[in-house]
Structure formats: C-alpha cells, structure tokens
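# Observations on chain architecture
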Amino acid sequence: MSAMLSEFGQAKIDMLNIYEDMARHLQMVVDELQLMPNLKDLMNERMRDELLACIQRIKAICPMLQRKRMKVAFFGRTSNGKSAVINAMLHERILPSAMGHTTSCFCQVEACARQESAHVTIEDSDDQKLSIDCLRELASAHSGRALSPHSLLHVRWPSSRCELLGHDVVLLDTPGVDVTAQLDECIDRHCLNADVFVLVLNAESTISRVERQFFELVAQQLSRPNLFILNNRWDAAASLEPQLEQLVRAQHTQRCLQLLVEELGIYANVELARRRIFHVSALETLRLRQHAKRKEEDRFRAPGAQLRYEEFLSFEREFAECITQSALRTKFQQHCAGAAEMLLQLHELLQQLAKQLAQLAAEKTAAKTALAAGYECWELQSVQRQEELSQQVEQLSEESCRLAAQLLHEQILRLPAAVQQFRGPFQPNLQRELRQYQRLLGVHLEQLLLQQVEMQLGQLLQQKLHQLGTDQADCVLPVQLYCAVDCQQLMSGFQADLEFRFSWGMVAILKRIQAKMPLPLPQLPPLPKQLNGHREELMKLPSHLGVWLPDTENSMGAMLLLGGVLTRTLGWRLTLTLGAVTGAFYAYERISWTPRAQERSFKSQYTQHLQRRLRDGLQQTAAGFGQQVRQQLTRSMQQLQRETEHKRSELSEDLAMLSNELAQLQQHQSKIQALQATGEELRQRLKAFQLRYLPEQDI
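Worth saying up front: this structure is predicted, and the values here are computed from it rather than measured.

A few words now on the overall build of the protein chain. Assigned secondary structure in the protein chain consists of 20 helices and 9 strands. Sorting the 699 residues of the protein chain into buried and exposed places 44% on the buried side. Within the protein chain, contacts between residues at least 6 apart in sequence are counted, and of these 81% link residues at least 24 apart. Put simply, the protein chain shows about 38,200 Å² of open surface, and 52% of that area lies on carbon and sulfur atoms.

Our focus in this paragraph is the pairing of strand S1 (residues 70-75). For S1, a buried count of 6 out of 6 residues is recorded, marking the element as mostly surrounded by other parts of the structure. The side-chain alternation of S1 yields two buried faces, one formed by Met70, Val72 and Phe74 and the other by Lys71, Ala73 and Phe75. With 4 bridges connecting them, S1 and strand S6 (residues 169-173) associate as parallel partners. Across the sheet, the residue bridging to Val72 is Leu171, located in S6.

Time to look at the confidence of the model for the protein chain. Mean pLDDT over the protein chain works out to 77, with 80% of the residues at or above the 70 mark. When the elements of the protein chain are averaged for pLDDT, helix H13 (residues 470-473) gives the smallest value, 46, and strand S9 (residues 277-279) the largest, 93. Of the regions scoring below 50 in pLDDT, residues 470-479 engages in 24 contacts with residues more than four places distant in sequence or in other chains. Confidence over residues 521-554 falls short of pLDDT 50; this stretch has 54 contacts with residues more than four positions distant or in other chains.

What follows is about the pattern of salt bridges. A side chain of one charge can pair with a side chain of the opposite charge when the charged atoms of the two come close. One pass over the structure, following the stated rule, counts 17 salt bridges. Asp21 is the salt-bridge partner of Arg685, the closest N and O atoms lying 2.6 Å from each other. Of the two residues, Arg685 is situated in helix H20 (residues 669-693) and Asp21 in helix H1 (residues 2-35); the sequence distance between them amounts to 664 residues. On the basis of relative accessible area, Asp21 is assigned to the partly exposed category, the value being 22%. Across the salt bridge formed by Lys129 and Glu116, the nearest N and O atoms sit 2.7 Å from each other. One end of the pair, Lys129, is in the loop between strand S3 (119-122) and strand S4 (130-131); the other, Glu116, is in the loop between strand S2 (106-111) and S3, and 13 residues separate them in sequence. Its relative accessible area of 25% is what places Glu116 among the partly exposed residues. If you follow the salt bridges from partner to partner, you end up with Glu7, Asp14 and Arg692 in one network.

What follows covers the packing of helix H3 (residues 82-90) against helix H9 (residues 282-293). Relative to each other, H3 and H9 sit at 25 degrees, their axes nearing to 8 Å. With respect to H9, the element H3 is oriented roughly parallel. Two packed elements cross with a definite hand, and for H3 against H9 that hand is left-handed. Here Ala84, Val85, Asn87, Ala88 and Met89 of H3 lie close against H9, whose contacting residues are Ala282, Leu283, Thr285, Leu286 and Arg289. Of the residues belonging to the contact of H3 with H9, the class tally is 7 nonpolar, 2 polar and 1 charged.

Before going further, it helps to examine the side chain of Asn87. Mapped onto the fold, Asn87 is located in helix H3. Overall, Asn87 belongs to the buried group, its relative accessible area being 0%. If we ignore the near neighbours within four places in the chain, the residues touching Asn87 are Glu92, Arg93, Ile94, Leu95, Ser97 and Leu286.

Moving on, we get to the environment of Leu633. Counting through the fold element by element, Leu633 comes out in helix H19 (residues 618-665). A C-alpha to C-alpha distance of 9.6 Å links Leu633 and Glu394, two positions 239 residues apart in sequence.

So, about the pairing of S3. Across the two faces of S3 the burial is the same, with His119 and Thr121 and Val120 and Ile122 all buried. Bridge count for S3 against S4 is 2 bridges, and the pairing is antiparallel. Pairing of Val120 across the sheet is with Leu130, part of S4. In terms of strand pairing, S3 meets strand S5 (residues 152-157) through 4 bridges, oriented antiparallel. Paired with Thr121 across the bridge in S5 is His154.

What follows covers the sheet that holds S6. Spatial ordering of the open sheet is given by S4-S3-S5-S2-S6-S1-S7-S8-S9, a layout of 9 strands whose pairing is mixed. Looking at the sheet topology across the chains shown, the edges are occupied by S4 and S9. Here S1 pairs with strand S7 (residues 196-202) via 4 bridges, running parallel. In the sheet register, Val72 faces S7, and the bridge partner there is Val196. Where helix H7 (residues 242-263) meets the sheet, its contacts fall on S7, strand S8 (226-232) and S9, and the angle it forms with S9 comes to roughly 155 degrees.

Bringing H7 into the picture now. Given a rise of 1.5 Å per residue, 22 residues ought to cover 32 Å, and the 30 Å separating the end C-alpha atoms of H7 matches this to within 8%. Of the residues making up H7, those classed as buried are Val248, His252, Thr253, Cys256, Leu257, Leu259 and Leu260. Buried residues in H7 make contact with S7, helix H6 (209-221), S8, helix H8 (270-274) and S9. Of the residues one or two after H7, Gly265 is the one with positive phi, at around 65 degrees.

A few words on unusual backbone geometry. Positive phi, normally seen in glycine, also occurs at Ser79, with a value near 65 degrees. For Ser79, the location among the structural elements is in the loop between S1 and H3. Take Ser79: its relative accessible area is 25%, and that puts it in the partly exposed class. A positive phi angle, close to 60 degrees, is found at Arg233, a residue other than glycine. Tracing the backbone shows Arg233 in the loop between S8 and H7.

This paragraph deals with the packing of aromatic side chains. The geometry of two aromatic rings is summed up by the distance between their centres and the angle between their planes. Applying the stated rule across the entire model yields 11 aromatic pairs. Ring geometry for Phe197 versus Phe215: centroids 6.4 Å apart, planes at 85 degrees, classification edge-to-face. Taken together, the residues span a long stretch of sequence, with Phe197 in strand S7 and Phe215 in helix H6 at a distance of 18 residues. The pair formed by Phe197 and Phe215 is uniform in burial state, with each residue classed as buried. Plain terms: the ring middles of Phe332 and Phe689 are 6.2 Å apart, the flat faces sit at 80 degrees to each other, and that makes the pair edge-to-face. Placement of Phe332 in helix H10 (residues 305-413) and of Phe689 in helix H20 is noted, with a sequence separation of 357 residues between them. Residue classification places Phe332 among the buried positions, given a relative accessible area of 0%.

Conventions and cut-offs
- Residues numbered from 1 in each chain as written.
- Predicted model: local features only at pLDDT ≥ 70, side-chain atom pairs only at ≥ 80, totals over all residues.
- Heavy atoms only, no water.
- Helix = DSSP H or I, 4+ residues; strand = E, 2+ residues; numbered from the N terminus.
- Buried < 20%, exposed > 50% of the residue type's maximum accessible area, 1.4 Å probe, protein only.
- Contact = heavy atoms within 4.5 Å.
- Areas by Shrake-Rupley, 256 points an atom, 1.4 Å probe, with all protein chains shown as cover.
- Pairing = 2+ DSSP bridges.
- pLDDT = per-residue confidence, 0-100.
- Salt bridge = Lys/Arg side-chain N within 4 Å of Asp/Glu carboxyl O.
- Axes fitted to C-alpha atoms, helices over the stretch in contact; angles between N-to-C directions.
- Parallel < 35°, antiparallel > 145°, perpendicular 65-115°, else oblique.
- Left-handed = near helix turned anticlockwise from the far one by under 90°.
- Nonpolar A, V, L, I, M, F, W, Y, C, P; charged D, E, K, R; others polar.
- Expected span 1.5 Å × (residues − 1).
- Phe/Tyr/Trp six-rings, centres within 6.5 Å; stacked < 30°, edge-to-face > 60°.

The following block contains the structure:
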C-alpha cells in the first residue's frame, strides 16, 4: 500500500519541478523577445503578452501543487463505525469512538508540518491551534463543548506516527448522514474535492433511505464518484452457522451491488463493483494492529478474525490503488494538460518565429538577382496559364453548345407529357378565352421545361469546369443561364382547328389504308391536320382513276351513295345493318365531341406545332447558350488576371519589408534554436510524467 500511495507524492514533486523549469524557460524566452526589434505585424509583442500570461498562470499553479493531497470521505449513519474504520487505517485510536452517536462534527485528519506537534484547529476561527486533548471534547457528541454538525475540525497528526498520513492522504470523518439535515450544503462544502468515498454500513442492518439519498446527491454532482462500501462489525456474524453466514454475506453483497450498479449507476461493470464491497470489523482490526505493535498476542481472538483482518487488508490495497489513480487523475491531469498546452503554444510560437527568420535569411542571400529571376519565371507561368484558360474557354463554349442541343432535344421529346400536365379553364367557343388558355400553356411550358434546361446545363457546365483544374474552377458560371426561347412568339401564328370530323369518313378511311398499306399514288400536298379537330383539304385520287373524294363534310352523302351500291350488291338487310352501325359510331363520336375532347385535340395540335418550331430553332438556341458561357468565362478570366496582378504587387512589397528586418534578426536565430531545444526537453519530461502516472491520458 505504501508503494502505491508514494506514487502521488513523487508525482507532485515531478510536476512541481516541471512547472518551475517551465517558468524559468518562459522568462528566458520573454527576455530574448524583448531584445528583438518590433516587426511591423507586432509578432514579438503578441508573443510576449502570451508568454507573460503563461508565467502568471504557472506562478498561481505552483502553490496549488504544493498543497495537493489525496482526500477520502467516510459517510454513513451514526454508530456505524466510521471513526473506528479511520482509527484502524491510522493504526492508532485518534478519533473518539464509542457506542451510539459519537462524532459531532466533520473531522479532517491530515499530516502536520514536521516541526509541529499534534494539534487541532477549527475552520473559520483564525486557525488557532488547540491541544490534541481538545479533540475528545470538541468532536464528541457526549461532550458539552461539542461543535455543531456543520463545523469542520482539522486534526493535524505527525506523519512520523502514521504512515498513511505521510503519503499526503487526508481522511474526512462525518457526524452521520442521519444527523446532518442539509445534505446539499455538506456535499458542496466538504465532498466535491474528495477522491474516494467510503460508505460505512452496519452489517447488522441494511442500507437506509438517508444513506441512499445522500449518495444519489453525490452521484448527481460528481461524475461517477469512486465509492467503497464497508459492511462493518462483520465479527457479529461469527456466531452464525457457516452456511447462514454465507447467505447473509451474499444478501449484503447483492444489496450493495444493486446500489452501486442499478440505483446510483456508478459502476457499469458488476465485477468491478464487487471489488468495492468488503465485510470487515474495524475495532477488531485496530485491536489486532495494536497488539502487533506491542508485540502481544491477542488471546481473545474471535473465530474468523484472521479472515476479516485479511479482507480489511484487501480493502486497504484496493483503496490505496483507487485513491492514487483517482488523485493522480483529478489533481494532476488538468495541470498536465495545461502544461502540455502551454509548451505546445510556446513551441508553435518559436517555430513560427524561426520559420520566418529562416525564410527571411534565405531571401536575403538570394539578393535582387534571384528575386528578379523568380519574378520572370512567375510571369512565364502566368502567360502559360492565360493561354490554357483561353483554350479551355473555347472548349467549354463548344461543350455548352453540344450539351444545350442535347438537353433541348430531350425536352422536346418530353413536351407532350408537359402539355398534358397543364390544367386550366378551356372554353373553345370564346376566342379571347382560348388565346388566354394558349398564353398560360406557354408560360407553363417555359417554367416546366425551358427552366430545367437552364438549370441542368448550368450544373453540367460547372462540373466540366471543376474537372479542368483548380485554376479554372475559380471562374464562376452565371447563377442561371438564360434560355432565349419564347413559346408565345413561337406559337403566334398557331390556329387550332376544333371543328368536328367523323373518324369513319371517306378521307379518314383512305388515310388509314394509306398509312397501313402505302398505295402507288402520286405525292399529295401535305394535309395540315388529321382526324377530329383537323382541317381537311380536298384529296383527289389520281386522274387516271377518274374518281374524287369529297371532304368529311360530304362524307355522309358519300356513305349514302356507297350504301346504295352495297344494297344492290349485298342485299338490303346487310346494308341496313352496316348503316345502323355506322350511324351509331357517328352519333357516339358526335356526342363525345365535348370541350374536354376539344381540349385534348387542342393540346395535340399545339404540341406538334411547338415541337416543329423548336426543332427548327434548336441550333440557334444552343449557340446562344454557348455565347453566354463564353462571355461569362471571359469576364471571370479577366477578374482572375486582376487578382494575380494585385497579388504580385503585394508579394513584392512584403519581400522588401522582410529583407530589411532580417538584418536585425539574424543574430537571434541561434538563441531561438537553443530555446526550442529546451522546450522540447520539457515536453519530453512531461510525456514521461504522463506515461508513468497518467497512462490513459494523451498529451
């Protein structure tokens, strides 16, 4: 146990030496910076202010390091044997211990200075030293001079008489959680700086509600506190049968595990929590140790006393390991990280200054000839870069034309679906409303299709631009390219034919026959429209046939004429049947020729006309996109040239200024290197400290 506890004292010495050496090193750096001339950017002044702040921080930390101690707080109900446990750990009866409520106030046992004798002091009472004999009167609840439960009594005991106190361990005894009503105040005043908590229970009873409530408050204010549970007075179980004793022990252990793991959530590992639970007898341990100290044999040793004593030793070993690790982490981890932060900051500052000095020295030796050569090379690269950009502007312009043509062609194919998506009031009998419907349809197509072309083309060109290289990526395309297509203008001459046409008229039948089985007829003039809602011209058969076909307006007469011929050929019954069927089809189509059907016919005619007009102007529109891209890239390239010229002038001025300052800074380069070596040595010492005492922490 001593070996583990001594780690804390050695760590305190090592950390204090590191901080003192850091203070001297930082002061040397400040002195060196004061000898350097002030740079234009006030680099030295900024560095000096930061280093002086670090020195003040170290001066405040060093006294704190000297006062660092490991603190353990003992809690539990009255008469559970908290004071007896502390006396057993100290190997001497120091604190008053008796039956019932004995400890009246908080008692903090700690080592006194080497030249001092044992004494007590009351907190907030001008640190007046009182005789150690006053302890039994001030700390005992049976005395009339007993202090209040909220008072803190410092018991300073010579470390030569107690090895545990010689390792900077502070033991805090409490009057009992059932006596102290203001739990929050007790935690804030005395517990927040404790490294380990020891809950002392009476093995002859169970954990009380007050004890649970107290440690719930501790767990809320401290993240996973280190908690040990001692089931004291376990010697009372010696009178039980062995099997019953094991059952009682298992019951106590299970309840303690439930408190540590489930209720408080301090330990996630059940096995680790089990290692924090012990069944001991403090008075029995103290008596054995006092007999061993006097080299006397305990003739009244109860059965199982040796096992309980060994378990108390196990508790002390686990306690020493836990409090050492916890104290190293809580007391030195922050200071270790702070020292690493300051050394890293110093390293970066010195490295930055040394880098500037080296850069300025290299530029000084290069002289004006090397500087002029560098400018010439840079100018050559700028010219080459300009030529590459010009070539890529041409390449992107051509690529934009190709992509625009491709996207426009895709949108032309999607035009029928886009037209069908449009919904609006359609009144075919009112010419004004029909023109309004056509205008809204054009706006709908421009928003749905043409703006898609603009957006997709911009995205594709931006991707192409980034693929060319980082320099070209500085050129910025327009936020949104403009598509010079006006649907209203393209459809200005459009006139839809919304008159009814019978689909089984003679012209319609011959058109279907010609579509399925092309006849060797001479080329007829193209008909502007077909089927319902189309304008039909008189379509004549070849002159050598001597036959002509009327338009659909006379198709009913032609059907009657054809019916007469069929009557003579097929008979009047079959002819009448065919006529009835044809009449039914005619009536159905006539009835079906509703405004909705007329709207579909209008959209079909509109789509065919707009597709034809868009295909006619596709190349011209794509060329317009290419011209926009060319203009924008040219402006971006000119802006890049202006930025390059500005950077060139700034670089020239900076080099001239740094060259003048280098003449004064060259003599400090060797000193800066020596300071860097000293700082690196301190960093290595700090890393060695971390590897030895804080292996789980990264610096």
